[in-house]
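Structural characterization, general
The lines below spell out each chain.
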Amino acid sequence: VGETTDGRHVRNVMVGDELTLAAIVEDDGLPKPRPSLRRRFTSEELMLMPPQAPTVRKTNGLFLSWNLYRGPGKVAFSPDQIKPWEDTRPAANSPWGALWTPPPVPEDGHYEVKAIFHEPGTYVLWARADDGGLYHDQYVTVNVSPK
């Protein structure tokens, strides 16, 4: 994540209002994407397979994910965000899940997500851009006021 598109790291919003978060992500093309196992096996076959590596494998592919880092309440993101941590369940929306495939990358590298906050307070949102080899984090503070 090079930078949020407007360069602001502090935002203000009211409870229930939609906040648009935008970031530009550039990729060097390395490592090359590794094909997901989903293309070769059914979900049932994958769940019955023994581990094929001594450590957890990660599917390479560029993605940007916004997540709640800290705050007094929950945040609803739209679209649903990819988990940037090792969730190895087959159907998990995580690069470590056996059925995960990288999302399409916008041509201009411009990613947008909507966030809705359900309680007032100060939140810190965490954006992670990851290509399977390198990652970069960015943090945005959001002050949420009651309506």
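Residues numbered from 1 in each chain as written. Predicted model: local features only at pLDDT ≥ 70, side-chain atom pairs only at ≥ 80, totals over all residues. Heavy atoms only, no water.

A few points about the side chain of Gln-81
Examined against the element boundaries, Gln-81 turns out to sit in the loop between strand S5 (75–78) and strand S6 (110–117). Engagement of the side chain of Gln-81 in a polar contact is seen with the backbone oxygen of Pro-79, the distance being 2.7 Å. (Helix = DSSP H or I, 4+ residues; strand = E, 2+ residues; numbered from the N terminus. Polar contact = N/O pair within 3.5 Å; in protein donor to acceptor, adjacent residues only side chain to side chain.)

Section: the confidence of the model for the chain
Caution applies to low-pLDDT parts of the model: their predicted coordinates are not meant to be read in detail. Of all residues in the chain, 82% attain a pLDDT of 70 or more, and the chain-wide mean is 84. Across the chain, element-level confidence peaks in S5 with a mean pLDDT of 97 and bottoms out in strand S1 (residues 3–4) with 50. (pLDDT = per-residue confidence, 0-100.)

Describing the sheet that holds strand S8 (residues 135–145)
Taken together, four strands build an open sheet; the order of strands is S2-S8-S7-S4 and the sheet is mixed. What marks the edges here is a single partner per strand, and that holds for strand S2 (10–14) and strand S4 (63–70). Averaged over all pairs of adjacent strands, the angle between their axes in this sheet comes to 30 degrees, without regard to strand direction. In the sheet, strand S7 (residues 121–130) pairs with S8 via 10 bridges, with the strands oriented antiparallel. Along S8, the bridge assignment pairs Thr-122 with Asn-143. (Pairing = 2+ DSSP bridges. Axes fitted to C-alpha atoms, helices over the stretch in contact; angles between N-to-C directions.)

Examining the nonpolar core
Core analysis: the biggest nonpolar cluster contains 22 residues, and Leu-21, Leu-64, Trp-66, Phe-77, Phe-117, Leu-125 and Val-142 have the highest contact counts within it. Put simply, the parts of the chain that give this core at least two residues each are strand S3 (18–24), S4, S5, S6, S7 and S8. (Core = buried A, V, L, I, M, F, W, Y, C linked by side-chain atoms within 4.5 Å. Buried < 20%, exposed > 50% of the residue type's maximum accessible area, 1.4 Å probe, protein only.)

Quick notes on the pattern of salt bridges
Opposite charge on two side chains permits them to pair, given that their charged atoms come into close proximity. For the structure shown, the criterion picks out five salt bridges. In this structure, Asp-87 engages Arg-89 in a salt bridge whose closest nitrogen and oxygen atoms are separated by 2.5 Å. When its relative accessible area of 8% is taken as the criterion, Asp-87 is described as buried. Ionic pairing is found between Asp-137 and Arg-128, a salt bridge with its closest N-O pair at 2.7 Å. Judged by relative accessible area, which is 21%, Asp-137 ranks as partly exposed. Arg-128 sits in the buried class, given a relative accessible area of 12%. When salt bridges that share partners are traced, they join Lys-83, Asp-87 and Arg-89 into one network. (Salt bridge = Lys/Arg side-chain N within 4 Å of Asp/Glu carboxyl O.)

Regarding the environment of Tyr-135
With respect to the element layout, Tyr-135 can be found in strand S8. Judged by relative accessible area, Tyr-135 falls into the exposed class, the value being 53%. The sequence separation of Tyr-135 and Leu-64 amounts to 71 residues, and the corresponding C-alpha distance is 9.5 Å.

Structural notes on unusual backbone geometry
Residue Pro-79 is bonded to the preceding Ser-78 through a cis peptide linkage, with omega at 0 degrees. Its location among the elements puts Pro-79 in the loop between S5 and S6.

Topic: the packing of aromatic side chains
Enumeration according to the criterion identifies three aromatic pairs in this entry. Judged by centre distance (5.7 Å) and plane angle (75 degrees), the rings of Phe-63 and Trp-100 are edge-to-face. Separated by 37 residues along the polypeptide, Phe-63 in strand S4 and Trp-100 in the loop between S5 and S6 bring together distant segments of the chain. In this pair, the class of Phe-63 matches that of Trp-100, namely buried. Pairing Tyr-69 with Tyr-139 gives two aromatic rings, centres 5.3 Å apart and planes at 65 degrees, and the pair type is edge-to-face. Placement of the pair is Tyr-69 in strand S4 and Tyr-139 in strand S8, with a sequence separation of 70 residues. (Phe/Tyr/Trp six-rings, centres within 6.5 Å; stacked < 30°, edge-to-face > 60°.)

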